Protein chains: 4
Amino acid sequence: MAIQVAVIGAAGYAGEELLRILTRHRQADIAVITSRKYAGQEVSEVFPRFTGSKLRFSDPDVSRIAAGCDAVFLALPHGLAAEYALPLLESGLKVIDISADFRLKSPAKYKEYYSEDHPAPELLSKAVYGLPERYRKQIKDAALIACPGCYPTSSILPAAPLLEAGLASPDGIVIASMSGVTGTGRKVELPLIFPECNESLRAYKTVAHRHLPEIEQELAFAAGLDREIALNFVPHLVPVNRGINSTILLNANPGCTLERIAEAYEKAYGNEQFVRVLPANSFSDTKYVTMTNCCEIAYNLDPHTNKVIVTGAIDNLTKGASGQAVQCMNIMFGFDEAEGLV
Amino acid sequence: MAIQVAVIGAAGYAGEELLRILTRHRQADIAVITSRKYAGQEVSEVFPRFTGSKLRFSDPDVSRIAAGCDAVFLALPHGLAAEYALPLLESGLKVIDISADFRLKSPAKYKEYYSEDHPAPELLSKAVYGLPERYRKQIKDAALIACPGCYPTSSILPAAPLLEAGLASPDGIVIASMSGVTGTGRKVELPLIFPECNESLRAYKTVAHRHLPEIEQELAFAAGLDREIALNFVPHLVPVNRGINSTILLNANPGCTLERIAEAYEKAYGNEQFVRVLPANSFSDTKYVTMTNCCEIAYNLDPHTNKVIVTGAIDNLTKGASGQAVQCMNIMFGFDEAEGLV
Amino acid sequence: MAIQVAVIGAAGYAGEELLRILTRHRQADIAVITSRKYAGQEVSEVFPRFTGSKLRFSDPDVSRIAAGCDAVFLALPHGLAAEYALPLLESGLKVIDISADFRLKSPAKYKEYYSEDHPAPELLSKAVYGLPERYRKQIKDAALIACPGCYPTSSILPAAPLLEAGLASPDGIVIASMSGVTGTGRKVELPLIFPECNESLRAYKTVAHRHLPEIEQELAFAAGLDREIALNFVPHLVPVNRGINSTILLNANPGCTLERIAEAYEKAYGNEQFVRVLPANSFSDTKYVTMTNCCEIAYNLDPHTNKVIVTGAIDNLTKGASGQAVQCMNIMFGFDEAEGLV
Amino acid sequence: MAIQVAVIGAAGYAGEELLRILTRHRQADIAVITSRKYAGQEVSEVFPRFTGSKLRFSDPDVSRIAAGCDAVFLALPHGLAAEYALPLLESGLKVIDISADFRLKSPAKYKEYYSEDHPAPELLSKAVYGLPERYRKQIKDAALIACPGCYPTSSILPAAPLLEAGLASPDGIVIASMSGVTGTGRKVELPLIFPECNESLRAYKTVAHRHLPEIEQELAFAAGLDREIALNFVPHLVPVNRGINSTILLNANPGCTLERIAEAYEKAYGNEQFVRVLPANSFSDTKYVTMTNCCEIAYNLDPHTNKVIVTGAIDNLTKGASGQAVQCMNIMFGFDEAEGLV
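The rules we used
- Residues numbered from 1 in each chain as written.
- Chains lettered and ligands numbered in written order.
- Predicted model: local features only at pLDDT ≥ 70, side-chain atom pairs only at ≥ 80, totals over all residues.
- Heavy atoms only, no water.
- Least-squares fit on C-alpha atoms with pLDDT ≥ 70 in both.
- Contact = heavy atoms within 4.5 Å.
- Buried area = accessible area lost by both parts, 1.4 Å probe.
- Salt bridge = Lys/Arg side-chain N within 4 Å of Asp/Glu carboxyl O.
- Polar contact = N/O pair within 3.5 Å; in protein donor to acceptor, adjacent residues only side chain to side chain.
- Helix = DSSP H or I, 4+ residues; strand = E, 2+ residues; numbered from the N terminus.
- Nonpolar A, V, L, I, M, F, W, Y, C, P; charged D, E, K, R; others polar.
- Buried < 20%, exposed > 50% of the residue type's maximum accessible area, 1.4 Å probe, protein only.
- Arc of directions from axis to C-beta.

> What exactly am I supposed to notice about the relation of the copies chain A and chain B here?
Applying a rotation about an axis and a shift along it to one chain copy brings it onto the other copy. Turning chain A through 180 degrees and shifting it by 0.0 Å along the axis lays it on chain B, with an RMSD of 0.0 Å. Taken together, the turn and the small shift mark the pair as related by a two-fold rotation axis. A high fraction, 100%, of the interface residues of chain A reappear at the interface in chain B, so the copies pair face to face through one surface.

This is the structure:
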C-alpha cells in the first residue's frame, strides 16, 4: 500500500525534480500537486518530460490535502510555508518543507536574514533539520522536516566531521561555492537569460547570503559549541544547469593529518550510501553527482598555511533539495532509504 | 616605421591570441612565428581565423631572429624560455616572456615549485614583472619582461592597492579562482575533452599551485614587507572558454571602510584605462571583460567576519597573457599603450 | 533469479551508460565487464559515479563469458564485434551488439561504407535490427541484435510511420541532425577538447556518413520498397553533452494532412511507452529526453513547398545506444520492457 | 573629420555590438544613442563593457538627430523603422536599417509574413539590400539600406554564386540553420533562461519564418529569375551565445563539379576580405568567425543524391547585423570598408 503525498508549489525546478523522483517511487503516490500559476493545466504542459502522466496542477486546498494525504512537500517561497505547515501538522500529516522557513533555530536570525518576523516561531523547536547523515534518528520521529538549502548541504557534509573530530577550528572558516543556474529557481529575469549566464563567471551576494546562518548554526553544532560562529560564504553563479561545488578552507588543529581526516570521514560516512569520500588529494566534481542523490567529498591538507581544504559536490536539485526531501520521507515512513533515488 | 617582432612557440591559445592582437597592431609587424610542431605550415592551417594572412610557422632559429627582429615574445613551456632569452638579450632584443621562467625573484622558490634548478638565475634580478599598472616605469626601461600568470593578474590587481594602503592584512588571505578551459592551454587530454568539462565544476591543485608563490611575492611587495607571506590559492576549472574570476578574502585592518577602499582604488587605478573598478557592493563578471584587455574589480566589506571581499575578472588570454604582453611592448617602445588592444 | 550479463568493451560513454542502467536493473547482474585498456582496474577508478560498486574491468575472455553468462553486450569498434559474436552465439548466448557490424543487410553496402569486407556475412540475415517499436516480435526470438545507431534511431522513428502510411515519398528525403559531443565517443582528440567544441557549430561528414545506409535501408523497408532509396543526411556537432535532434524533410504525398499524420503516429506509437508524439506544430527538444529512453517526435506541414517536416529528439547514449540495447534485452528475456529504464 | 552618427533603439544585443564597433571606428562619432527603456541612463549602466565611455541613452528625438547627424542606424522592432526613416531621409541623412522593414521588395510579401500593411511601401524600391558582397555599387549611392537578417546573410552568401553560375537549381533548396541565443534578441522569456537553453537542441518556426521570403527573394535574383521560388528554411536554437551555421542543400545541375564550384566562389569572393571560402570537402565552423565580420563558406558535392551541400558560418551580431551595417556605412561614406571591423 503506497502512501498518498501532496506537493504544494510544484512549478519550479525543485518541484519538477520532486515529480521526477516521486513518479518512480514505488511506495508513494502523488495525490495532489498544486501551483497557483498553472492550476488547471496538466503537468505535462509545463514539463513535457511528464507527458503521459495525467497529473494536473490544482489550486492548493488545505482541507482536501489534509483529508486525503499522508505526507506533504512544501516548495514555496519563504514566509509562505508556515501558513500551510500549521494546519497540515494539526491534521496529522508529515510535513517536509523544502523552503527556508524552519531551518534556523533562532527567530532572531530569521528576522536578521529574511527581514520579517518568523510566521510560526513555536514550530522552530519541533522542526528537524533534514540532513539524514547527521539527524537520521530525529528525522525518523519528526512530524516537520526543514530540508537544508543546497549550499548548506554541500558545505555541512564535508565540514562537520572535521569539526566533530576536533581536527579543525570552527573559527575562520571560508567557503567558496559555485552553483549551476537552476539554483536560482525557474526565474525569468534578464541576468538569467542564456546569453547573460553563458560564458559568464560571477560572485554574488558575497555578504549575508541567506544560506549563511544555516551553515553557521550547523557547524557550531558539529563543533559542540554553545556559542555562535562567524564564517565567510561566497556563492558564485557559473554556466552549468545543475550542480554545486563548495570549497571549504578550515584552520587545522594540532594533530590534524590526512590519516585522521580519513578516519573522521570513515566514522561519519562509512555506512552512508549517499556520501562518497574520495582518496586524499583528490577533487570532487559535480559531473559525477548530477542526477544522483550523492554528495562527493574530497580533502587536502596545506602545510604551508596549515589549512584543511575540503570540497563537496552535489546536484543542487537532488541531494540539495528534492532528493534529500524524499530521503527524509523514506526514513519517516520506514521505507528503504534509497527508494526512488537510484 | 613598424618594429619587427618574433613569436616563439605560437601554437597554443596564448600564441593565437598574440597573433590576433599583433595582426591589428599598426606599429609592429610579425616577422617570425615559430612552432616546432607546425613548422612549415601556414598559420591559417592551424588557426583558420587567420586565413589570408600568409604567415607561416618556422622552426625557431635564434640567429635569424636576432638579426631581423626588435622584440621577441616567448610562449614556451617553463624551463625553455631561459634558453632563448639569453642569446636574444645579448643581441639587444627586447624579450617579453609569457611563460613562468622569470616571474619569481627567488631561485629557491623556483626550484620548490618547478622541481628544477632555475636555468638562468642571473637573469632573475634583471627581469621586470610585466604588470603595467604596478611596474610601468620599470617596464619602460627593461630588456626582459616576465609577464604575470593569468591567476596572479586577476588576484594582484584587486588585492595590491588594499595592502599598499594598509586597509587589509597581508596575512590570512584566501583566494578562490575560477578559470575557463583555455587556461589549461591547448592540451589534448581526457579530462579536457568537451563531455568531461561541460556541466562540470571542480577544484584542482588546491595546494602548491605554481601561480601561488608569484601571488605571494607580489602581495608581500605591495604590503611593503621584507618577509614572506603565505596565503591560500584554490583554482577551479569551469565550463567557459575564456575568463577568470578571482574572489579574494582579506582581513580588514582597523579603519577600513568602503570609502577608504574606493579611495585606494582611485589612487591606484584612477588613470588606468585597462582597470575598471565597479561601485561598492557590485560583482565583477567575466562576460564584461572577455576579448578585452580589461580587469574588472569589485569590492565588498563583511562586518560580520571583518573581511574585505574583492573580486577580479579578466580574460585569461588577453589581460592574463597576450594582451598584457603587448601592453608591455607598447610601453617599452613608446607606443600608445592601447595600440592593438581596443 | 537474475540473468548474468557481460559487457565487452565498456570503457566509453555507451559502456558507462550501459553500466548505469544495468546496475539498477533488478533482473540482470553484471557478471563480466571488459576493457583491454583498463583491465585490472576497478570501474570506479575510470567512472567515479560507480564508487562502491566493486566491479572490475577484465580482459575479454570468450570462454569464461560463454560459460558464465546468459547475454552479452558488445560495445566495440566496427569489425571487432563479429569476432566475439560468432563463438558466443554458438555457445548459446544472446548477443546484443551496440556497434555497427550487423546493422546493414547488404555486405556490399558494408564494404562501401566501412572500406572492408564484412567479417561474418553469414550472420547478417540472422541479426535483427534492434528497434523495438518496429521489430519487437523479431527481437523476442532473435539470438543476435544489431542495435541501431543514434542518428538512425532519431530519424527512423519519426519518418517510418509517414512512409508506411503513404503520406510522404521515400524519395528526396533530407535529414539534418545535431548531436552532442558524447556522440563521438570518449575520444581524446584536438577537435574534441572543450575550447574547440564550446561556442562552436559545425557540420561534418556531410557526404557518406556511416549511418546513412542504415537509415536508407530502414526507410526503404518502411515504404515497402524492394529497391534502394537515396537520401541526404547531414550531421552537425553542437556543444551539448547528450542529445540528438534530427530534422527530417519529406515530400508530402497527395492527401497528406496534419490529421492523417497524427493518425499514422497514433497507429505506430499509440501504445509505445518510449515514444512521445507532440501535438501538431510543436517542436521536439532534447532537454526533455536526456537521461531517458524516450524519443520525442514533433511534426509540421509546409504547404508552401509541400513538405512534411518532422523532428525527433533522443538521448544519444540511452535511446540512441545503451537504453535501447537494454530494452531489447528485456524483450528477449521476457522482462518488463521498461525494467532499468525509468 | 569624423561623421556624426545616431543609433536609434540601442538597448539590445545588436545595439551593443554596434556600439562596440563604432567606439573603435576612427571616422564616425556616436552623437546620439537612444532607448525608450533606458533614456537618461549611462550606456555603461546597461552594458558594463562601456564603462568610461560617457555615452548616455536619450529618448529618440528625430529633429535633433536630423540637425546633428550624418547617418543613422535603426535597430527597432519591425513596423517602427519606417516611422523614423521617412523624416530622416527627407532631412538628407543616410539611413541604415538593421530591422526588417525594407528587406522585401514586395509589400504583399511583407503583409503575408508580418501580418500588417507595409508602413511605407514607397520606400521599398529605394532601399538597397545591404549585402556588400552582392550590392556594393548600389550601396555606395543609396540613401536607405535594408540590412539583411542574420539567417539570410549566412544562407545567401554561400548559395548565390552557385545559382548565378548555373551550377545548381533554384528549385528544391533546403536550408537548415543553427543559431546562438543572442539571435533571439535580449528577450526575457522563460524559454530563453539559461536552464531552458543549455543542454537543449530544438527546431522552431520550421514553417513560414520571417527570414524565409528574404532568402527566396535574393536567391531568385541570383538565379536570374523573374518568378518566385519556394524553399525550405528550418531554424534551430542551440546553446551558444553567438554564431549561425547554415547548411544548404541544392540540386546540382549537369556539369557541376567541385572545380567549377571553386571557380564560382573565386569569381564571387576572390577579392572579398570578409568572405573566406575553405577548400573543397571542408566544414565551416562558427568558432572561427565569432567576434569578426567574416563569413566562412565550405562546400561538398554528394554524387549519391546529386546535391551540392554548402555551409556558411557567421557571427549573427557582426556579419549578421551590426558589422555588416557598419560595412555598408563605410561604403556609403567612402571610408576603408574594414574600418572598425578588424
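> What exactly am I supposed to notice about the interface of chain A and chain D here?
Every contact between the two is made by 20 residues of chain A and, on the other side, 20 residues of chain D. For the pair chain A and chain D, the summed buried area comes to about 1,700 Å², and 63% of that belongs to carbon and sulfur atoms. Connecting chain A to chain D are 2 salt bridges. At the boundary of chain A and chain D, one finds 8 residue pairs in polar contact (both at pLDDT 80 or more). For the side of chain A that touches chain D, the leading source of residues is helix α8 (residues 194-197) of chain A, giving 4 residues. Of the residues assigned to the side of chain A that touches chain D, the class counts are 12 nonpolar, 3 polar and 5 charged.

> Mind showing me how you'd approach helix α6 (residues 132-141) of chain C here?
Residues that lie three or four places apart on an α-helix share one face, since the helix turns once every 3.6 residues. All names here are of chain C. Buried within α6 are the following residues: P132, E133, R134, Y135 and I139. One side of α6 carries all its buried residues, which in axial view fall inside an arc of 135 degrees. Of the exposed residues in α6, those oriented more than 90 degrees away from the buried face are K137 and D141.

> Would you mind showing me how to read the pattern of salt bridges here?
Here the structure, examined in full by the defined rule, presents 76 salt bridges over all chains. In this structure, R20 of chain C engages E17 of chain C in a salt bridge whose closest nitrogen and oxygen atoms are separated by 3.0 Å. Highlighted residues: R20 of chain C and E17 of chain C, both in helix α1 (residues 13-22), separated by 3 residues, approximately one helical turn. Just as R20 of chain C is buried, E17 of chain C falls in that class too. Between R227 of chain C and D171 of chain C there is a salt bridge, and its shortest N-O distance comes to 3.0 Å. Residue R227 of chain C is found in the loop between α9 (212-222) and β9 (232-237), and its partner D171 of chain C is found in the loop between α7 (150-164) and β7 (174-179); the two are separated by 56 residues along the sequence. Each member of the salt-bridge network shares a partner with another, and the members are R186 of chain A, D285 and K287 of chain C together with E196 and R202 of chain D.

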